[in-house]
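# What the coordinates show
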Amino acid sequence: MTVRVRLFAGLAEAAKADEIEIDWEGGSAAELLERVARGRPELARRLAHCRVAVDCAFVGPGDPVEPRGEIALIPPVSGG
Amino acid sequence: MVELVDGPIEARRVLAAVRSPACGAIVTFDGTVRDHHEGRRVLFLEYHAYRPMARRVLSEISGDVSRRWPDVRLAIVHRLGRLEIGDTSVLVAAAAPHRAEAFEAARHAIERIKIDVPIWKKEHYEGGEIWVGEQTGPSVEKIGS
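Presented here is an overview of the structure given in this document. Worth saying up front: this structure is predicted, and the values here are computed from it rather than measured.

In terms of regular secondary structure, chain A is built from 3 helices and 7 strands. When the helices and strands of chain A are placed in sequence order, the string is β-α-β-β-α-α-β-β-β-β. Here the C-alpha atoms of chain A give a radius of gyration of 11 Å, agreeing with the 12 Å that 2.2 N^0.38 yields for 80 residues. Dimensions of chain A, computed from C-alpha atoms along their principal axes, come out at roughly 30 × 25 × 20 Å. Looking at chain A residue by residue over its 80 residues, the buried ones come to 48%. Taking the intrachain contacts of chain A between residues at least 6 apart in sequence as the baseline, contacts between residues at least 24 apart amount to 47%. Accessible area of chain A: about 3900 Å², with a carbon and sulfur share of 49%.

Its 18 residues place the ends of helix α2 (residues 51-68) of chain B 26 Å apart at the C-alpha level, agreeing with the 26 Å of an ideal helix rising 1.5 Å per residue. Those residues of α2(B) that fall on the buried side of the exposure criterion are B:M53, B:A54, B:V57, B:L58, B:I61, B:S62, B:D64 and B:V65.

Counted under the stated rule, the structure contains 2 aromatic pairs over all chains. Measuring from centroid to centroid gives 5.2 Å for A:F8 and B:W120, while their planes differ by 15°, and the two rings are stacked. Pair noted here: A:F8 is in the loop between β1 (2-6) and α1 (9-15) and B:W120 is in strand β8 (residues 119-125), and the two residues belong to different chains. Taken as a pair, A:F8 and B:W120 share a single burial class, namely buried. These aromatic residues form a ring-pair network of at least three members: A:F8, B:Y50 and B:W120. If you follow A:R51 out to its NZ or CZ, it ends over the ring of A:F58, 4.0 Å from the centre. Stacked on the ring of B:Y125, the Lys or Arg B:R40 has its end atom at 5.1 Å from the ring centre.

A regular strand carries its side chains on alternate faces of the sheet. Residues and elements named next belong to chain A. The two faces of β1 differ: V3 and V5 on one face are buried, but T2, R4 and R6 on the other face are not. Two elements, β1 and strand β2 (residues 19-23), share 5 bridges in a ladder whose sense is antiparallel. In the strand pairing of β2, R6 is matched with E19. Across 2 bridges, the pairing between β1 and strand β7 (residues 71-74) is parallel. Bridge pairing in β7 links V5 to I71.

Side-chain pairs of opposite charge can arise where the charged atoms are in close proximity. As enumerated under the stated definition, the model contains 20 salt bridges over all chains in all. One salt bridge in this structure joins B:E123 and B:R40, with 2.7 Å as the shortest N-O distance. Pair noted here: B:E123 is in strand β8 and B:R40 is in strand β4 (residues 40-49), with a separation of 83 residues, a long-range link. Of the two residues, B:E123 and B:R40, both sit in the buried class. Between B:D64 and B:R68 there is a salt bridge, and its shortest N-O distance comes to 3.1 Å. One end of the pair is B:D64 and the other is B:R68, both in helix α2 and 4 residues apart, which spans about a single turn. A relative accessible area of 51% means that B:R68 is categorised as exposed. Ionic contacts of the salt-bridge type, sharing partners, join the residues A:R51, B:D64, B:R68, B:R112 and B:D116 into one network.

Criteria and thresholds
- Residues numbered from 1 in each chain as written.
- Chains lettered and ligands numbered in written order.
- Predicted model: local features only at pLDDT ≥ 70, side-chain atom pairs only at ≥ 80, totals over all residues.
- Heavy atoms only, no water.
- Helix = DSSP H or I, 4+ residues; strand = E, 2+ residues; numbered from the N terminus.
- Rg over C-alpha atoms; globule rule 2.2 N^0.38 Å.
- Buried < 20%, exposed > 50% of the residue type's maximum accessible area, 1.4 Å probe, protein only.
- Contact = heavy atoms within 4.5 Å.
- Areas by Shrake-Rupley, 256 points an atom, 1.4 Å probe, with all protein chains shown as cover.
- Expected span 1.5 Å × (residues − 1).
- Phe/Tyr/Trp six-rings, centres within 6.5 Å; stacked < 30°, edge-to-face > 60°.
- Lys NZ or Arg CZ within 6 Å of the ring centre and 35° of its normal.
- Pairing = 2+ DSSP bridges.
- Salt bridge = Lys/Arg side-chain N within 4 Å of Asp/Glu carboxyl O.

Put into structure tokens, the structure is as follows:
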């Protein structure tokens, strides 16, 4: 199914979008990043530095990401 | 107390939130916008956030501090939007019965903020602009000229 993935900061700027859609049935967070990179190879190097968040909580690279909830890609943060 | 604001941080209000007759020490960390970074002259900054997650992570950090230092009263306020040189981007205030815990808790809070809170600063410098912290390879990517 089609899921929306929210983008931020430099990643959003590079993608020229605040969110993108991908085909996703489920898999690990690392696989999700790979799926995004496959569709948008120009973002691949940035994606390698991103974390995945689901419903406002970080998930680890091996953790499952279901095709529901709010999925976001979090580039290296610089708050504080 | 954890908050995201879009204008100047009111330090007095933040201190008032943690001040307590049981506390003998209040330590504050005031993060201010610097005029230089990695050899670049900084003109101004823009802070952007994934707001619902930033609030959630700030609350988690506050909870983490409460578990480690049960007597500490903590407040964190982070400003978003455009900030000029010298402006305060983040204020952390930790009140405790004694100064040791206050210093430790405040330090712990700001270190965790810098690692985990989904807030990003875009630095506008002489010559261009850059999202701080983002590396796409051996060299830092610049936008603009």
